[in-house]
Amino acid sequence: MGDYTAETINDFIHGRFPDAAFTNDDDIFSLGFINSLFAMELVMYIEQKFSVTIPNDELKFDNFRTVNCMAELVHRQALPAVGQ
Amino acid sequence: MTASTPPRTLDQVRDRASARRFVRDHIAATADEYDRLGRVPEPLLDAIGAAGLWAPFLPVDVGGDGVSYTALGAIHEEIGRGCSSVRSLLTVHTMVAFAVDRWGTEDQRRQWLPSLASGRIPASLCVSEPEVGSDATRMTTSARRAGGGWVLNGTKTWITGGRRAGLFLVFARNGPGVTAFLVPRETPGVEITPIDDMLGTRASMLATVTLRDVLVGTDALLGPESFAAGMVLTGTLDLGRFSVAAGSVGITQACLDACAGYTSQRRIRDVPLRELQLIRAKITDMVTDVTAARLLYERAGRLKDAGDAQTIMATWIAKYFASTAAARHASAAVQIHGANGVSARHPVARYFRDAKVMEIIEGSSEIQQITIADAAYQKAMP
């Protein structure tokens, strides 16, 4: 599931920025193309694609720094809360 | 619907048809008059609340009606067909209600959404500033942590509905980012200065809002800080743009309606204007553009309803097309009406003035052209 999630997110970003060269562990913010418009699209895409809702306290820089960070965020949101 | 749920009456349904009836019964006869007075009458604002039109997209559990964004667009189109000032008030109220619903904590949602759904507390959005307009990268209004909360300083202007708003959603610079705050009108240090004599949407009760050492609690912060804070502004403006796109379609439809009626009655050399080919060309262009613009905002609405990220660009495109079409056709409508068109006797003069505003608010046409072209180049990159 981890690979599928990461590759799906990678495909989305590459679909919008075909020229961008990055791996799933690269800091995409350092590439310079992330703005608030794309950040919004990225969050909307992840929420719709993986049927999760990302709470405010998870909308932080470190969770979106790399594709793998985003995939881990998706997995956390998809997991049932402890005790349920 | 369960067996115990009574069927809804016509007044309980929020859709295009109910909005059209509302415009017929409450707006059409008086819009020109209150446009001249520069203020939407309080009884009309109360009637909007009674009709459940302030924020019908909010969930039912907070007092909304849970209507889709597609339906919301149709409602705003119909209201815009009657009066752009009223639609502008709905737009900013919608933006704030959406932001609280989308990014609010449970406490914030419980505190504000029922009053926003009913319209008991009218809301306004504070983004634009006197020196930098709506350029968020140069925003000067500041937010700094102090006394267990935040202190806001700065001046916001062109605030639609600011004259009577009870709640302001204020965007302020907090370090490198821009953060959103919910600021009640009565907070000490909030000063309201009415702005009169605008070219268009004259009754939308604009104001300048000055914030002087306004102290708010930590519960005033709406949404995330850091890099994601910009999303609140982006998402809020996106819905405003959607509403303006729909309202612009309403203006074009109103121009078409007015011109079809006028050219059927008005005669030149014993021939109704409608028989002239140059008139028919203008009518054809209005029909074509209003149909296309409606399809564009409806597409954006369906994408919003699906939670699809493509809605953001679809909304940019819809707003750009619909607002420029409205300005073009409102100009044609005035031309068709001749001297009557520049008089106070026909509403096309109001449509013309209001349509110009649509090309400026929630992202000017030029900003939209830059954004849409940027996206095109990203996709077309070899």
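Residues numbered from 1 in each chain as written. Chains lettered and ligands numbered in written order. Predicted model: local features only at pLDDT ≥ 70, side-chain atom pairs only at ≥ 80, totals over all residues. Heavy atoms only, no water.

### A short note on the overall build of chain A
Selection rule: By definition, any uninterrupted DSSP run of H or I lasting at least four residues is a helix, any uninterrupted run of E lasting at least two residues is a strand, and each is numbered from the N terminus. Computation of the radius of gyration draws on C-alpha atoms alone. For the globule rule, the value is 2.2 Å times the number of residues to the power 0.38. Each residue is assigned to one of three classes by its accessible area relative to the maximum for its type, calculated with a 1.4 Å probe on protein chains only: buried under 20%, partly exposed between the two thresholds, exposed over 50%. Contacts between residues were defined by any pair of non-hydrogen atoms, one from each residue, lying within 4.5 Å.
Looking only at helices and strands, chain A features 4 helices and 0 strands. Against the 2.2 N^0.38 benchmark of 12 Å for 84 residues, chain A shows a C-alpha radius of gyration of 13 Å, consistent with a compact globule. Projected onto the principal axes, the alpha-carbon positions of chain A cover approximately 45 × 25 × 20 Å. Buried positions account for 46% of the 84 residues belonging to chain A. Residue pairs at least 24 apart in sequence account for 57% of intrachain contacts in chain A once pairs closer than 6 positions are excluded.

### A short note on the interface of chain A and chain B
Our working rule: Note: buried area is the sum, over both parts, of the accessible area (probe 1.4 Å) each one loses when the two are combined. The salt bridge definition used is simple: a Lys or Arg side-chain nitrogen within 4 Å of an Asp or Glu carboxyl oxygen. Definition of a polar contact: a pair of N or O atoms within 3.5 Å, with one able to donate and the other able to accept a hydrogen when the atoms are protein atoms, and with sequence-neighbouring residues admitted only if both atoms are side-chain atoms. Amino acid classes used here: Ala, Val, Leu, Ile, Met, Phe, Trp, Tyr, Cys and Pro are nonpolar; Asp, Glu, Lys and Arg are charged; the rest, including Gly, are polar.
On the side of chain B, 25 residues touch chain A, which itself brings 20 residues to the contact. Summing both sides of the interface, chain A and chain B together bury roughly 2,000 Å²; the carbon and sulfur share of this comes to 66%. The three residues of chain A that bury the most area against chain B are Met40(A), Met44(A) and Asn56(A), which together make up 28% of that side's buried surface. Put simply, chain A and chain B have 1 salt bridge between them. Here Arg102(B) makes a salt bridge to Glu47(A), at a shortest N to O gap of 3.4 Å. For the pair chain A and chain B, the interface holds 3 residue pairs in polar contact (both at pLDDT 80 or more). Looking at the side of chain A that touches chain B, the elements that each hand over two or more residues are α2 (36-50) and α3 (61-64) of chain A. If one sorts the elements of the side of chain A that touches chain B by residue count, α2(A) sits on top with 10 residues. In terms of residue class, the side of chain A that touches chain B is made up of 12 nonpolar, 3 polar and 5 charged.

### Quick notes on a nonpolar patch on the surface
Here is the rule: What goes into a patch is any residue over 30% in relative accessible area without a salt bridge, connected to like charges within 9 Å or, for nonpolar side chains (Val, Leu, Ile, Met, Phe, Trp, Tyr), within 5 Å. Using the Shrake-Rupley algorithm and a 1.4 Å probe, accessible areas are obtained, with residue cover drawn only from the displayed protein chains.
A cluster of nonpolar residues, Ile268(B), Val271(B) and Leu276(B), forms a patch on the protein surface that exposes about 200 Å² of accessible area. Summarising the element assignment, Leu276(B) is placed in the loop between β10 (271-272) and α8 (277-305).

### Description of the pairing of strand β5 (residues 177-184) of chain B
Residues and elements named next belong to chain B. Definition in use: Think of it this way: DSSP has to see at least two bridges between two strands before they count as a pair.
The element β5 is extensively covered by neighbouring structure, given that 7 of its 8 residues are classed as buried. A loop of 2 residues connects strand β4 (residues 167-174) with β5, the two strands running antiparallel in sequence, and glycine 175 in this loop sits at a positive phi of about 70°. Pairing of β5 with strand β8 (residues 221-222) involves 2 bridges; the strand directions are antiparallel. Its bridge partner lying in β8, alanine 180 is registered against leucine 222.

### Quick word on the domain arrangement of chain B
All names here are of chain B. Here is the rule we go by: Domain delimitation follows an automatic or database domain assignment.
Assigned domains within chain B: domain 1 (12-122), domain 2 (124-226) and domain 3 (229-380). Relative placement of domain 2 and domain 3: their C-alpha centres are 29 Å apart. Across the contact, 17 residues belong to domain 2 and 11 residues belong to domain 3. Between domain 2 and domain 3, roughly 1,000 Å² of surface is buried when both sides are summed, and carbon and sulfur atoms account for 75% of that area. Inspection of the region where domain 2 meets domain 3 yields 0 salt bridges. Where domain 2 meets domain 3, there are 2 residue pairs in polar contact (both at pLDDT 80 or more).

### What to know about the packing of helix α7 (residues 229-265) of chain B against helix α9 (residues 311-341) of chain B
Residues and elements named next belong to chain B. Threshold: Throughout, an axis means a line fitted to C-alpha atoms (over the contacting stretch in the case of helices), and angles, computed between N-to-C directions, take values from 0 to 180 degrees. In these notes the angle categories are as follows: under 35 degrees is roughly parallel, over 145 is roughly antiparallel, 65 to 115 is roughly perpendicular, and the rest is oblique. Should the near helix be turned anticlockwise from the far one by less than a right angle, the crossing is termed left-handed; should it be turned clockwise, right-handed.
Running from N to C, α7 and α9 cross one another at 25°; their axes reach a closest spacing of 8 Å. Here α7 lies roughly parallel to α9, going by the angle between them. As for the relative orientation of α7 and α9, their crossing is left-handed in sense. The residue inventory of the contact of α7 with α9, partitioned by class, reads 18 nonpolar, 9 polar and 3 charged.

### Structural notes on the packing of helix α4 (residues 69-82) of chain B against α8(B)
Packed helix pairs are characterised by how far apart their axes lie and by the angle those axes make with each other. Residues and elements named next belong to chain B. Contact geometry of α4 with α8 gives a least axis separation of 7 Å together with a crossing angle of 145°. Touching Tyr69, Thr70, Gly73, Ala74 and Glu77 of α4 are Arg294, Tyr297, Glu298, Gly301, Arg302, Lys304 and Asp305, all from α8. Class assignment for the residues of the contact of α4 with α8 results in 3 nonpolar, 3 polar and 6 charged.

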